[in-house]
Amino acid sequence: MIADIAERLRENIQKVIVGKPDIIDLALIAVLCEGHLLLEDVPGTGKTTLAKTIAASLGFSFRRVQFTPDLLPSDLTGIYYFNQKEQEFEYRPGPLMAQILLADEINRATPRTQSALLEAMQERQVTVDIATHNLPRPFLVMATQNPIELEGTFPLPEAQLDRFLMKVTLGYPDEASENAMLLRFERTDPLDTLESVVGPQDILQMQESIRTVRVEESVRQYIVNVCRTTRLHDDIMLGASPRATLALYRTCQARAALNGRDFIIPDDVKQMAPHVLTHRLVVNPQTRLRGRVPEDVVKEVVDTVAVPVDVA
């Protein structure tokens, strides 16, 4: 069921997004895990369009917030205002009360505003004054940031980065895909007429179903070994957290389901580890001076940790 629905979603999303099947699959994995996605790339590569296309395909409520230095936490969570007609205070929801929130250029907001997302991302709720409000389900944050322009930005702290299920880089399209994009957008924007192919209830059922994907003991231990090795690596100052281990486990289950399998194989772990672990690692200053980045360490860990055999 999951593989069939995923194929319909792929076809629908590819009406707008050209030449990025792997990125589309990663975004669908984030949806199935109800995990938050950090899209990091230069302007103009389709980060915002991807988020809007996924929301339209899923029939989710969607809100976009352009993060700026003057954005306040209440601009996200909402406020209580005094209704003179009713003579009482009423809650006016903020953009967080949507199923998909696009936090555009998240690193331009101050740490105070960025921290307003933490409760929503982890507990799926917001607290305004003394009242707590549950967010709609499913709920996920898709955040974008530009890694090149650093002036006027506030780097995301490790605690916030750890709450993103994955970090994905879209990259430039190849020549054929860029040419196809021009033809597709020549007369109209296909996003304007894009219709949903599934609904929120279908996604909730799929999120429950992926938890039944079978994980052999040897593969489960392989996931643990990969994450624990990052904590012991000489080049790493801060390794993968237990939340990262759980994230890798869940994303592997989702990837297996998208590919029509009811069990995880070691290749799922190898494919998901760079997207799940890289943004959570902090390398030592000496390692950084040598030009080594977390991507290099994750690749080394995946290549060196013993892979289980005879998994089926």
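In the block above lies the structure referred to throughout.
Calculation notes
- Residues numbered from 1 in each chain as written.
- Predicted model: local features only at pLDDT ≥ 70, side-chain atom pairs only at ≥ 80, totals over all residues.
- Heavy atoms only, no water.
- Helix = DSSP H or I, 4+ residues; strand = E, 2+ residues; numbered from the N terminus.
- Areas by Shrake-Rupley, 256 points an atom, 1.4 Å probe, with all protein chains shown as cover.
- Lys, Arg positive; Asp, Glu negative; His and termini not counted.
- Charge placed at Lys NZ, Arg CZ, Asp CG, Glu CD.
- Phe/Tyr/Trp six-rings, centres within 6.5 Å; stacked < 30°, edge-to-face > 60°.
- Buried < 20%, exposed > 50% of the residue type's maximum accessible area, 1.4 Å probe, protein only.
- Lys NZ or Arg CZ within 6 Å of the ring centre and 35° of its normal.
- Core = buried A, V, L, I, M, F, W, Y, C linked by side-chain atoms within 4.5 Å.
- Contact = heavy atoms within 4.5 Å.
- Pairing = 2+ DSSP bridges.
- Axes fitted to C-alpha atoms, helices over the stretch in contact; angles between N-to-C directions.
- Polar contact = N/O pair within 3.5 Å; in protein donor to acceptor, adjacent residues only side chain to side chain.
- Left-handed = near helix turned anticlockwise from the far one by under 90°.
- Nonpolar A, V, L, I, M, F, W, Y, C, P; charged D, E, K, R; others polar.
- Salt bridge = Lys/Arg side-chain N within 4 Å of Asp/Glu carboxyl O.

K.L.:
For this particular structure, what's the right way to read the overall build of the protein chain?
P.N.:
A tally of helices and strands in the protein chain yields 13 helices and 11 strands. For the protein chain, the spread of C-alpha atoms along the principal axes amounts to about 70 × 45 × 40 Å. Of the accessible surface of the protein chain, which amounts to about 15300 Å², a share of 50% is contributed by carbon and sulfur atoms. With 33 positive and 43 negative side-chain charges, the protein chain shows a separation of 2 Å between the mean positions of the two kinds.

K.L.:
Just checking my understanding: could you explain the packing of aromatic side chains for this structure?
P.N.:
Two aromatic rings, taken as a pair, are described by how far apart their centres are and by the angle between their planes. Scanning all chains against the criterion turns up 2 aromatic pairs. Ring geometry for Tyr-80 versus Tyr-91: centroids 5.4 Å apart, planes at 45 degrees, classification tilted. Here Tyr-80, found in strand E3 (residues 78-83), pairs with Tyr-91, found in strand E4 (residues 88-93); they are 11 residues apart in sequence, far enough to count as distant. Using a relative accessible area of 19% as the deciding quantity, one classes Tyr-91 as buried. Ring geometry for Phe-82 against Phe-89: centres 5.2 Å apart, planes inclined by 65 degrees, an arrangement best described as edge-to-face. On the accessibility criterion, Phe-82 (37% relative accessible area) is partly exposed. In this structure Phe-89 comes out as exposed when scored by relative accessible area, which is 57%. A cation sits over an aromatic face here: Arg-92 above Tyr-81, 4.2 Å from the ring centre.

K.L.:
Sorry, what's going on with unusual backbone geometry here?
P.N.:
A negative phi angle is the norm for most residues apart from glycine, just as the trans form is the norm for most peptide bonds. Put simply, Arg-137 and Pro-138 share a cis peptide bond, and its omega is -5 degrees. Unusually for a residue other than glycine, Gln-87 sits at a positive phi of about 55 degrees. Structurally, Gln-87 is set in the loop between E3 and E4. When its relative accessible area of 54% is taken as the criterion, Gln-87 is described as exposed.

K.L.:
Got a minute to help me understand the nonpolar core in this structure?
P.N.:
One broad rule of soluble globular proteins: the nonpolar side chains tend to lie buried together. Counting residues in each nonpolar core, the largest one holds 70 residues, and the members touching the most others are Leu-37, Ile-54, Leu-58, Met-166, Leu-248, Met-272 and Leu-277. Contacts of Leu-58, omitting those with residues within four sequence positions, involve Leu-9, Val-31, Ser-196, Val-198, Gly-199, Pro-200 and Ile-203. If you look at the next biggest cluster of nonpolar residues, it comprises 24 residues, including Ile-106, Leu-117, Val-126 and Ala-143.

K.L.:
Even after reading the chapter, I still don't get the side chain of Arg-10, so can you show me in this structure?
P.N.:
Examined against the element boundaries, Arg-10 turns out to sit in helix H1 (residues 2-13). Under the relative-accessibility criterion, Arg-10 is labelled buried at 12%. The contact partners of Arg-10, leaving out residues within four places of it in the chain, are Ile-24, Asp-25, Leu-28 and Leu-258.

K.L.:
I keep staring at the sheet that holds strand E8 (residues 140-145) and nothing clicks. Help me out?
P.N.:
Remark on secondary structure: sheet strands pair via backbone hydrogen bonds, oriented parallel or antiparallel. A sheet is described by the order of its strands in space; here 5 strands give the open sequence E2-E5-E8-E1-E9, paired in parallel fashion. Where the open sheet ends on each side, the last strands, each with one partner, are strand E2 (62-66) and strand E9 (164-168). Averaged over all adjacent pairs, the angle separating strand axes in this sheet is 15 degrees, with direction ignored. Across 5 bridges, the pairing between E2 and strand E5 (residues 100-104) is parallel. Across the sheet, the residue bridging to Arg-64 is Leu-102, located in E5.

K.L.:
What is the right way to look at the side chain of His-279 in this model?
P.N.:
Looking at the element boundaries, His-279 is found in the loop between helix H11 (266-277) and strand E11 (282-283). Since its relative accessible area comes to 7%, His-279 is described here as buried. Here the side chain of His-279 touches Leu-161 through a polar contact of 3.4 Å, landing on its backbone oxygen.

K.L.:
Please explain the packing of helix H9 (residues 217-232) against helix H10 (residues 242-258) as it appears in this structure.
P.N.:
Packed helices, taken two at a time, are described by the angle between their axes plus the distance between the axes. Contact geometry of H9 with H10 gives a least axis separation of 10 Å together with a crossing angle of 145 degrees. In this structure, H9 crosses over H10, and the sense of that crossing is right-handed. Facing H9, whose interface residues are Arg-220, Ile-223, Val-224, Cys-227 and Arg-231, H10 presents Pro-242, Ala-244, Thr-245, Leu-248 and Tyr-249. Split by residue class, the contact of H9 with H10 holds 7 nonpolar, 1 polar and 2 charged.

K.L.:
Would you mind showing me how to read the pattern of salt bridges here?
P.N.:
Side-chain pairs of opposite charge can arise whenever the charged atoms involved come near each other. In this structure the tally under the stated criterion is 18 salt bridges. In this structure, Asp-268 engages Arg-261 in a salt bridge whose closest nitrogen and oxygen atoms are separated by 2.9 Å. Since its relative accessible area comes to 0%, Asp-268 is described here as buried. Salt bridges linked by common partners bring Asp-235, Arg-290, Arg-292 and Glu-300 together as one network.

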